[in-house]
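# Structural overview
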Amino acid sequence: MHKPALVVHGGGWAIPDDMVEPHLNGIRAALAAGWHALERGGSALDAIEAAVVVMEDDEAFDAGRGSFLNRDGRVQLDALIMDGATLRAGGVGCVERIRNPIHLARIVLEDSPHVYFVGPGAERFAEEHGVPLIANEELVIEREVERLRRLQVQGESPADVFSASHDTVGALALDKNGNLAAATSTGGTLNKTSGRVGDSSLIGCGCYADNQSAAVSTTGWGEAIMKLVLGKWAADRVAAGTPPQQAASEAINYLQKRLSGHGGIIVIDAQGRLGIAHNTPRMAWGFATPGQQACGIKR
Ligand code: GLY
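Chains are numbered independently. Their residues run from 1 in the order of the written sequence. Selection of residues for local features in this predicted model requires a pLDDT of at least 70, selection of side-chain atom pairs for listing and counting requires 80 or more, and totals for whole chains, interfaces and linings are taken over all residues. Hydrogens and water are ignored here; the side-chain numbers use all heavy atoms of the structure.

## Here's the deal with the nonpolar core
The nonpolar side chains of a soluble globular protein tend to be buried with one another. Remark: nonpolar core denotes a set of buried residues (Ala, Val, Leu, Ile, Met, Phe, Trp, Tyr, Cys) joined through side-chain atoms within 4.5 Å. Three labels apply to residues, based on accessible area from a 1.4 Å probe with only protein chains included: buried if under 20% of the type maximum, exposed if over 50%, partly exposed otherwise in between. Judged by nonpolar contacts, the single largest core of 56 residues is most densely connected at Leu 6, Val 8, Ile 48 and Ile 81. Under the DSSP-based scheme used, a helix requires at least four consecutive residues in state H or I and a strand at least two consecutive residues in state E, with every element numbered from the N terminus. Per element, the largest residue contribution to this core is nine residues, and it comes from helix H1 (residues 17–39). Throughout, a contact is declared for two residues whenever any of their heavy atoms are within 4.5 Å. The contacts of Ile 81, once residues within four sequence positions are left out, are Leu 45, Ile 48, Glu 49, Arg 88, Ala 89, Gly 90, Ile 102, Ala 105, Arg 106, Leu 109, Ala 182 and Ala 183. Residues Leu 230, Ala 235, Ala 247 and Phe 287 belong to the second largest nonpolar core, which totals 37 residues.

## Points about the sheet that holds strand E2 (residues 77–83)
Pairing within the open sheet is mixed, and its eight strands lie in the order E4-E3-E2-E6-E5-E1-E11-E12. Bordering the open sheet on either side are strand E4 (116–118) and strand E12 (292–298), each of which pairs with just one other strand. Within this sheet the neighbouring strands show an average axis-to-axis angle of 5°, counted without direction. In this analysis, strands are considered paired if DSSP registers two or more bridges between them. Both strand E11 (residues 282–289) and E12 contribute to a ladder of seven bridges, which runs antiparallel. Paired with Ala 284 across the strands is Ile 297, a residue of E12. Geometry is summarised by axes, namely lines fitted to C-alpha atoms with helices restricted to the contacting stretch, and by angles between N-to-C directions that run from 0 to 180 degrees. Strands in contact with helix H2 (residues 44–57) are strand E1 (5–13), E2, strand E5 (169–174) and strand E6 (180–186); relative to E5, the strand with the most contacts, it is inclined by about 160°. Packing against the sheet, helix H4 (residues 119–128) makes contact with strand E3 (89–95) and E4, and its axis sits at approximately 110° to E4.

## Here's the deal with empty space enclosed by the protein
Think of a 1 Å grid over the protein atoms and nothing else: a 1.4 Å probe that fits but is trapped marks a cavity, an open set flanked by protein within 12 Å on at least five of seven lines marks a pocket, and residues with an atom within 4 Å of a point count as lining. Grid points are joined across faces, edges and corners, and a volume is the space filled by probe spheres set on the points. Counted by the stated rule, this structure contains one cavity of 30 Å³ or more. Reported here for the largest cavity is a volume of approximately 40 Å³. In this structure, the largest cavity is lined by Asp 167, Thr 168, Thr 186, Gly 188, Thr 189, Arg 196, Gly 198, Asp 199, Ser 200, Gly 220 and Gly 222. Classification convention: Asp, Glu, Lys, Arg as charged; Ala, Val, Leu, Ile, Met, Phe, Trp, Tyr, Cys, Pro as nonpolar; all other residues, Gly among them, as polar. Of the residues assigned to the lining of the largest cavity, the class counts are no nonpolar, eight polar and three charged.

## Focus: the sheet that holds strand E8 (residues 214–220)
Here four strands make up an open sheet; going across it, the order is E7-E8-E9-E10 and the pairing antiparallel. One side of each edge strand has no neighbouring strand; the edge strands of this open sheet are strand E7 (207–209) and strand E10 (274–278). The sheet shows a mean angle of 10° between the axes of neighbouring strands, taken without regard to direction. The sheet contact formed by E8 and strand E9 (residues 263–269) spans seven bridges and is antiparallel. Within the sheet, the bridge partner assigned to Ala 214 lies in E9 and is Asp 269. Sitting on the sheet, helix H8 (residues 230–239) touches E7, E8 and E9, and the angle it makes with E8 is about 145°. The strands touched by helix H9 (residues 244–259) within the sheet are E9 and E10, with E10 carrying the most contacts at an inclination of about 20°.

## Some remarks on H2
Relative to the 20 Å expected for 14 residues at 1.5 Å per residue, H2 spans 20 Å between its end C-alpha atoms, a close match to the ideal helical length. Looking at H2, one finds that the buried residues are Ala 44, Leu 45, Ala 47, Ile 48, Glu 49, Ala 51, Val 52, Met 55 and Glu 56. In this scheme, a helix's expected span is set at 1.5 Å multiplied by one less than its residue total.

Next up, the structure:
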């Protein structure tokens, strides 16, 4: 019997002071939901799905409702979930009519011979599996309409946009059977071109899980993270004997040095050892094990 553990992140970016409390509240709620699943004897997959659904439903985060808008003013979502015991994975990209993409990704993992569905095909798959399609407008909130307007109409600089950006959620779990799992969900980047897919939903980039190495979720500038296949990069280091905290720190150093990239990463191995690192001004995180729970905004 293994000691279960759950780790979540709510994105690495310049979280302003007035967004700190909403982020912490969202992280606490995600930990509670994920931990409840583990306590009931649920699997690592059950726990991370439950945790990510909570953050997708929380407008504070760039995932689900309240996400950044793309260039056309629409929410377009990507998500991936991966099972470290079997390497089964389910991913969805560019979905516009799904309230909880991580739930759809779980159905892909469980019920499809395929690994990845995008756009209208993903939405057809959702309908065929009983997931209701919603209007894209239900995912759009006024704060994001205004943010896009400031960029497109007032010509706010990309640097300003970045400093005000929010980015991606993720969860990792180790269950009592010693199985690892990872999930990442995002609305991607502000003003992205329709059809753009970032790192979050790509295996080995924004998300990875293998019982023989580690579970990993990243946040940050997707184009750089993808080029470095950063999630798998970190997991491979853990497999080679590097402790998760060191692997996390080295991954962010690599991102910075190789591509001047910015982002954050959470890592957990099959012994429940944790790593968190980022080079963004702040990163929202949370962690739970039996009898212990912590969360914060890392600087
Ligand atoms: N890390 C989220 C994205 O670039 O889409």
